[in-house]
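Given next are the chains, with one letter for each unit.
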Amino acid sequence: MIKILWIDDNLDHDLTEKRMALYMEPDFDPHFARDATEAYYRLRSESFNVVIFDLRLPAGADDMWNDLRAQDYGKFGAKLISMVSNGLEDEFRQQAGSRFGVFSIEAPEENPELFEPPVSLPKDRFMKKTDVYYEEDFISFIRKIAAA
Amino acid sequence: MMHPVLLFFFNDDGFLGNEWLASAVSLAITYVVFVMGIPSLIFQTFIPEALRNIYNERFSDQWRNFFGVQLILAVALFIISNIKVYQFLSGALRQIIPDWLNFKLFGTAFTADDIAEGVIALAVTVIIIRIVKSGFKYLIKNFQTTRNIAHQIAEKIAENALRQFKLTQTIDEKDFEDLSTLAKELKPGQIKNQFLEECEKVIEYLLNQPPSTTNSKIINRLLEETVCLSITYDGGQSNHENRRKVLQILNLVNGHFPRNPNGYTTANGYDKTLIGYYFKKVGVAAMNHDDTASAIEVIEQLYTIDADPKEIFFIGNQAFKSNNHKITIAAIHKLKSKSINSIQQVNKITPKEKRMIYNWIGLMAKMYQRGGSSASYAGRHWNDLKQLSATFQLHAADLAAEAYQFFFRLTDFETADAVRYLEQNQP
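Turning our attention to the interface of chain B and chain A. If you look at the interface, chain B gives 27 residues, while chain A gives 24 residues. Regarding the contact of chain B and chain A, the summed buried area is about 2200 Å², with carbon and sulfur atoms giving 50% of it. At the boundary of chain B and chain A, one finds one salt bridge. On inspection of chain B and its partner chain A, the count reaches twelve residue pairs in polar contact (both at pLDDT 80 or more). Elements with a minimum of two residues in the side of chain B that touches chain A: α11 (240-255), α13 (292-304), α15 (325-346) and α17 (372-391) of chain B. Per element, the largest residue contribution to the side of chain B that touches chain A is eight residues, and it comes from α15 of chain B. For the side of chain B that touches chain A, the residue count by class is nine nonpolar, nine polar and nine charged.

One pass over the full model with this rule turns up 22 aromatic pairs over all chains. Seen in terms of ring centroids, F165 of chain B and Y205 of chain B are 6.2 Å apart; in terms of plane orientation they differ by 90°. Their pairing is edge-to-face. Here F165 of chain B, found in helix α6 (residues 149-168), pairs with Y205 of chain B, found in helix α8 (residues 190-207); they are 40 residues apart in sequence, far enough to count as distant. Geometry around F115 of chain A places K123 of chain A over its ring, the cationic atom sitting 4.9 Å from the centre. Cation over ring: K280 of chain B sits above F314 of chain B, and NZ or CZ is 4.5 Å from the ring centre.

Before going further, it helps to examine the confidence of the model for chain B. Residues and elements named next belong to chain B. The predicted model of chain B averages 83 in pLDDT, with 89% of residues at 70 or higher. The spread of mean pLDDT over the elements of chain B runs between helix α1 (residues 4-9), the lowest at 53, and helix α19 (residues 413-424), the highest at 96. Interface predicted TM-score (ipTM) for the complex: 0.82; the corresponding pTM is 0.76.

The subject of this paragraph is the pattern of salt bridges. Residue and element names in this part refer to chain B. Tallying each qualifying case throughout the model produces 29 salt bridges over all chains. We note a salt bridge from R221 to E225, for which the minimum N-O separation is 3.0 Å. Of this pair, R221 and E225 both sit in helix α9 (residues 213-227), four residues apart, roughly one helical turn. Overall, E225 belongs to the partly exposed group, its relative accessible area being 27%. Salt bridges sharing common partners tie together E57, R58, K174, D175 and D178.

Below, the discussion takes up a nonpolar patch on the surface. Residues and elements named next belong to chain B. On the surface, a cluster of nonpolar side chains totalling about 550 Å² of accessible area is made up of W63, F67, L71, V75, F78 and I79. One can find F78 in helix α3 (residues 49-80). Here F78 falls in the exposed class, since its relative accessible area comes to 52%.

Two residues of an α-helix separated by three or four positions point the same way, owing to the 3.6 residues in each turn. Residues and elements named next belong to chain B. Helix length check: α13, at 13 residues, gives a terminal C-alpha distance of 18 Å against a target of 18 Å (1.5 Å per residue), a fit within 8%. Where burial is concerned, most of α13 is hidden: eleven out of the 13 residues are buried. Every buried residue belonging to α13 is among A293, S294, A295, I296, E297, V298, I299, E300, Q301, L302 and Y303, and all of these are buried. Among the residues trailing α13, D306 stands out with phi positive, at a value near 60°.

Residues and elements named next belong to chain B. Packing of helix α7 (residues 173-185) against α9 brings their axes to within 9 Å, and their N-to-C directions diverge by 30°. Here α7 is positioned roughly parallel relative to α9, judged by the angle of their axes. Listed contacts from α9 to E173, F176, L179, S180 and A183 of α7 are I218, R221, L222, E225 and T226. Partitioning the contact of α7 with α9 into residue classes produces five nonpolar, two polar and three charged.

Conventions used here
Numbering of residues begins from 1 in every chain and follows the order in which that chain's sequence is written. Ligands are numbered from 1 and chains lettered from A, in the order in which they are written. In view of the model being predicted, local features appear only for residues whose pLDDT reaches at least 70, and side-chain atom pairs are presented and counted only at 80 or more, with totals across whole chains, interfaces and linings using the full set of residues. Remark: hydrogens and water are excluded; side-chain values derive from all non-hydrogen atoms of the structure. Note on contacts: a residue pair is in contact if any heavy atoms of the two residues lie within 4.5 Å. What gets called buried area is simply the loss in accessible area from a 1.4 Å probe that two parts show on being joined, summed for both. A side-chain nitrogen of Lys or Arg and a carboxyl oxygen of Asp or Glu constitute a salt bridge if their distance falls within 4 Å. A 3.5 Å cut-off defines polar contacts: any pair of N or O atoms within that distance qualifies, except that in protein one atom must be a possible hydrogen donor and the other a possible acceptor, and neighbouring residues in sequence count only when both atoms are side-chain atoms. The way it works is that DSSP assigns letters per residue, a run of H or I at least four long becomes a helix, a run of E at least two long becomes a strand, and they are numbered from the N terminus. Three classes are used: nonpolar for Ala, Val, Leu, Ile, Met, Phe, Trp, Tyr, Cys and Pro, charged for Asp, Glu, Lys and Arg, and polar for all others, with Gly counted as polar. Aromatic rings from Phe, Tyr and Trp, taking only the six-membered ring of Trp, are treated as a pair when their centres fall within 6.5 Å; an angle between ring planes under 30 degrees marks them as stacked, one over 60 as edge-to-face, and anything in between as tilted. Only when the NZ of Lys or the CZ of Arg is both within 6 Å of the ring centre and within 35 degrees of the ring normal is a charge said to sit over the ring. Each residue carries a pLDDT score, the predictor's own confidence in it, on a scale running from 0 to 100. Whether a residue is buried, partly exposed or exposed follows from its accessible area with a 1.4 Å probe, protein chains only, as a fraction of its type maximum: under 20%, in between, or over 50%, in that order. Grouping into patches uses exposed residues only, defined as over 30% relative accessible area, and leaves out salt-bridged ones; the cut-off is 9 Å for like charges and 5 Å for nonpolar side chains (Val, Leu, Ile, Met, Phe, Trp, Tyr). The accessible surface values rely on the Shrake-Rupley method and a 1.4 Å probe; as for residues, cover is taken only from the protein chains in view. Residue count minus one, scaled by 1.5 Å, sets the expected span of a helix. Lines fitted to C-alpha atoms define the axes here, with helix axes fitted over just the stretch in contact, and angles between the N-to-C directions of these axes take values from 0 to 180 degrees. Oblique is the label for any angle not under 35 degrees, not over 145, and not in the 65 to 115 range, which are roughly parallel, roughly antiparallel and roughly perpendicular in turn.

So this is what it looks like as structure tokens:
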């Protein structure tokens, strides 16, 4: 069983069909989070095989993001993936065996820091939303990450 | 020859002439009636009765003050316009004004008589300008009020509630009642969301106070009678954005429960049960409005807050009865995840884990009993259950038999029969 956490704030809108497709895969155990706060606590308390991040996420209710909120920061997903990568031996030890992927509207070139330490995301684990139209392509993307 | 401006004032047929003053008074009174009447008419026509009543109770000072002032000014004008009164005032002023104040203006000499008349003319001018200006402002303000009256009322009640709480650590019963009324009566969309934002401010303030039983009771009451009611009330209306806002508020409350180092909330059983109950209510309301997205979101939240599995089962079961398979599938997945997660944490199957499995089996059985694709999907879950139970030297069939007893005792005979069917016709 591949336990997946997909973090995206558009799950109710244009991503609904992809979301349902995850439910219907026989060996997927999908979970979802809509904002950085929700994802932060899920990632601390549960381990996942695959975690898919959207880079442009809302912060959520927690006060830990107040400084960034004050600067009008919008890429809380990027911040989160960096936090988790930095904390794999500590508060995010549950994700020590997880594989991360990015599914975002942005292009890889706009986010060079993701491909450097501490995140060091392999290039093939970054997928632009506009490049994935069909649910099967999204499923394949997740399976590729899980198998890596 | 007197200057034309002065002629306007100092001429029997001019500004202070009898006919002119009589017209001015009747115009002023008509104007006041118009200014009071038009907003009232719009109010009566477009604002629901419940909101009107609350607004009149909370904002009556405004129109009372305005009306009082306008009335006094109109009466003053009316009195001054009487020739005898005018002559008396003029005479009284002449007594006060000293002779050395006599002066020339635009080549015309002005005596104490002229100055007295001038003072009265100035007073009349000021009164007329005041009536017109304040009436105009009142009219414009009321047109704007009509557009955001709900927000004004909600803001006022929230301010009142917080003020009261800071003084007495309680909230007025009237404030609870009015908030409930607004929750039921407001139109869906932005208006309702503005109201919910005011409720959120009050709840957030209470959450940031030192924890106490009183605070918890007030918060629970606000959640039940106001926040959740705004989307669950049978006769009311709400939309997807309103349901999202309510979920946000419930998450805010849940987020304030202390967390242990692993991130799980350590809310006491009662608080967690209540939050789960409120989430469930929102989920059912979402389902009744065909808001699949919000219902699935509720299921996710019920999983995240580690709510009683029966809440997830309830939503899944309701969705199954209404043929909303997306929601049913989300629910059955979460019940499976909950079961597996819980078992993995303790590495055994205790009565607590069994309850989760029974709820999982229940939903699985309902889908299996339907046959066709539904049964095919349920078959997958049955196989997953067999694998899981084998790990702990248990049989899925035995768990199903126990699940049957579980639902039978709960008098959920429909689900009990479905489980019996699954037991006897295993995939």
